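Inside the fold
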Amino acid sequence: MRGALGRDASAGGAGGGKGGDDAAAGIIRHDRKCRDLPFLALFAAFWVAMIVNSSFGFNQGSPLRLTYGLDYKGNICGSKHGDPDLSELDVRYWVNPNQVYQSGLKNSTSDLADAKSICLMECPYPAEDGLNFVCDYPEGDIRLSVDDWIDRDYDYFEYLTPDMRNSSLQLQGPCYPIIFPSINVYWSCQFIARPSNVSLKHWQQMGGVSIDENMLIDKTIHNTINYKSSVLKRYVADIGKSWPVLIVCGGLLPLFLSLIWLAMIRYFVAGMPWITVILFNALVISVTTFFYIKAGWIGNDPLTVVIGPSDPYVSIGGRVCLYLLLLLFLTLSLLCFLLSHDSSLHQEINHLHAAAVLMTVVMIIAFLTSIAIVRRILIETSTTVLKVAAKVIGEVHALIIFPVVPYFALAIIYMFWFAATLYLFSSGQVLQNDCNAECCSFDLKLGKVNCDSCCGYSVHYAPHIGIAILFHLFG
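Residues numbered from 1 in each chain as written. Predicted model: local features only at pLDDT ≥ 70, side-chain atom pairs only at ≥ 80, totals over all residues. Heavy atoms only, no water.

Here we look at the pairing of strand β1 (residues 91–94)
Definition in use: Burial classes: relative accessible area under 20% of the type maximum marks a residue as buried, over 50% as exposed, and values in between as partly exposed (1.4 Å probe, protein chains only). Helical segments are the DSSP runs of H or I of at least four residues, strand segments are the runs of E of at least two, and each set is numbered from the N terminus. Should DSSP find at least two bridges between two strands, the strands are regarded as paired.
By the alternation rule, side chains of β1 split into Val-91 and Tyr-93 and Arg-92 and Trp-94, which are all buried. Here four bridges tie β1 to strand β2 (residues 117–120), and the two strands are oriented antiparallel to one another. Paired with Tyr-93 across the strands is Ile-118, a residue of β2.

This is how it looks when you write it as structure tokens:
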């Protein structure tokens, strides 16, 4: 029986006449129009603000900043728009170990951002029987292409003039000795405070200046990578890096499985309550087990800080996790999302431990709830609703296809929202720092030692960017 679509029939009948008959029949004769104009204006203002906010992010942001560092020229490692082209060079390396050490001192007038760094393909390692160098980007009198420079393992020390060699022996470049082993810790080469005795001896025999060997050289880089702001950037960057998996496992696969679920309701009504309960519990147990494995509590496959292969001689304590959304997804999309991530730093492993404990609580509650509803499943209370749903699906086939259109429309909005979030978090201007450091380095373009531009570069964020991000996330 169809109910009235307009006003209540009894209210319409009280007026008598044709209006009462129309109301009783469920027919609306009066013109329909928007009545909530204040909310409509608020909604329009929200979208205008969202577009303006996103436009600022797309104009000022670069998601590469969330993952990769800046070199001494202000270029983003891994960017093809750098000078030179750094599309293959995505690992930041600090060439002067003494600058790294001095930036970690309590009374230092500069920080690690002001220490000279360049972008490489991988972290260099000391030679076993000699001394290797890492030289600055080839330019000026150094007639090498970037590809040749890479093929030579960044070393053109033999091409230096006497003045350049003397400058290099003073740790002023353009070439710097590889004394300490380093390893790729989240796209930055972290020094290991174990200098190569062979390389150090060769350096001293050449007349090189003294090199600080304190443990501080290790801690300085570690602390910089472990800043809370750096951790937050890596969380957000993970969303951008895992977008193919999110689309497949968080979008297309759930849509496909939901259609299968509707088809199973249509043809397997009696068994659907049991299938749903079993699959749900299996999923919760799988996700919980996955957390335990990656937290290092089960098996030997925990997350580590090292990107790429590493030498067994080098060991860095701490295992990490990069999951900002691990508590928001308890579906198959979560599992795929986690599998696509890289690793982060020592303190963040606590986040994964907490998530594993929380998932354990969720698993226990889910299991106890499943036991509690067994009796209702046995008396077929739940299957009554499913039988009605199966009948509706059988009679109205468009019911399965209709939600697909708004689903994809919503998916487009979410993709735009995630993209704008990445650009907003990375928006800002790359400007040279204002520091009081006293240092000099050889400028290949000028052909001499230059002491005027010692400060490094950092991303300077606009004062209102925090409000813009909060509006974008929670508006």
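Considerations on the pattern of salt bridges
The line we're drawing: Should a side-chain nitrogen of Lys or Arg be within 4 Å of a carboxyl oxygen of Asp or Glu, the pair is scored as a salt bridge.
Using the criterion set out here, one finds three salt bridges in the structure. Here Lys-73 ties to Glu-139 by a salt bridge, and the two come within 3.3 Å at their closest N and O atoms. Taken as a pair, Lys-73 in the loop between α3 (37–60) and β1 and Glu-139 in the loop between β3 (133–135) and α5 (146–151) lie far apart in primary sequence, 66 residues in all. Using a relative accessible area of 24% as the deciding quantity, one classes Lys-73 as partly exposed. Note on Glu-139: relative accessible area 15%, which makes it buried. Across the pair Lys-116 and Asp-136 runs a salt bridge, and its minimum N-O distance is 3.2 Å. Of the two residues, Lys-116 sits in the loop between α4 (97–103) and β2 while Asp-136 sits in the loop between β3 and α5, which places them 20 residues apart along the sequence.

A look at the packing of aromatic side chains
Applicable threshold: Under the pairing criterion, centres of Phe, Tyr and Trp rings, with the six-membered ring standing for Trp, must be within 6.5 Å; the plane angle then separates stacked pairs below 30 degrees from edge-to-face pairs above 60, leaving the rest tilted.
Going through the model one piece at a time under the given rule, you end up with 14 aromatic pairs. Consider the rings of Trp-149 and Tyr-154, whose centres lie 5.1 Å apart with planes at 65 degrees: the pair is edge-to-face. Residue class for Trp-149 comes out buried when judged on its relative accessible area of 1%. Look at Tyr-154 and you get buried, because its relative accessible area is 6%. Summarising the aromatic geometry, the rings of Tyr-407 and Phe-408 are spaced 5.6 Å apart at their centres and angled 90 degrees between planes, so their arrangement reads as edge-to-face.

Digging into the state of the cysteines
We count it as follows: Note on terminology: pairs of cysteine sulfur atoms within 2.5 Å are recorded as disulfides.
Tallying each qualifying case throughout the model produces four disulfides. The partner cysteine of Cys-123 in its disulfide is Cys-189, sulfur to sulfur 2.2 Å. Linking Cys-123 and Cys-189, the disulfide has an S-S dihedral of approximately -100 degrees and is accordingly described as left-handed. Of this pair, Cys-123 sits in the loop between β2 and β3 while Cys-189 sits in strand β6 (residues 188–191), placing them 66 residues apart in sequence.

As for a nonpolar patch on the surface
Applied cut-off: Patch definition: residues above 30% relative accessible area lacking any salt bridge, with like charges linked at up to 9 Å and the nonpolar side chains Val, Leu, Ile, Met, Phe, Trp and Tyr linked at up to 5 Å. Only the protein chains shown count as covering a residue, and every accessible area follows the Shrake-Rupley method with a 1.4 Å probe.
Judged by side-chain polarity, Phe-39, Leu-42, Phe-43, Trp-47, Ile-51, Leu-410, Ile-413 and Tyr-414 come together as a nonpolar surface patch covering roughly 810 Å² of accessible area. Only α3 and α17 (404–425) provide two or more residues apiece to the nonpolar patch. Per element, the largest residue contribution to the nonpolar patch is five residues, and it comes from α3. According to the relative accessible area criterion, Leu-42 is exposed, its value standing at 57%.

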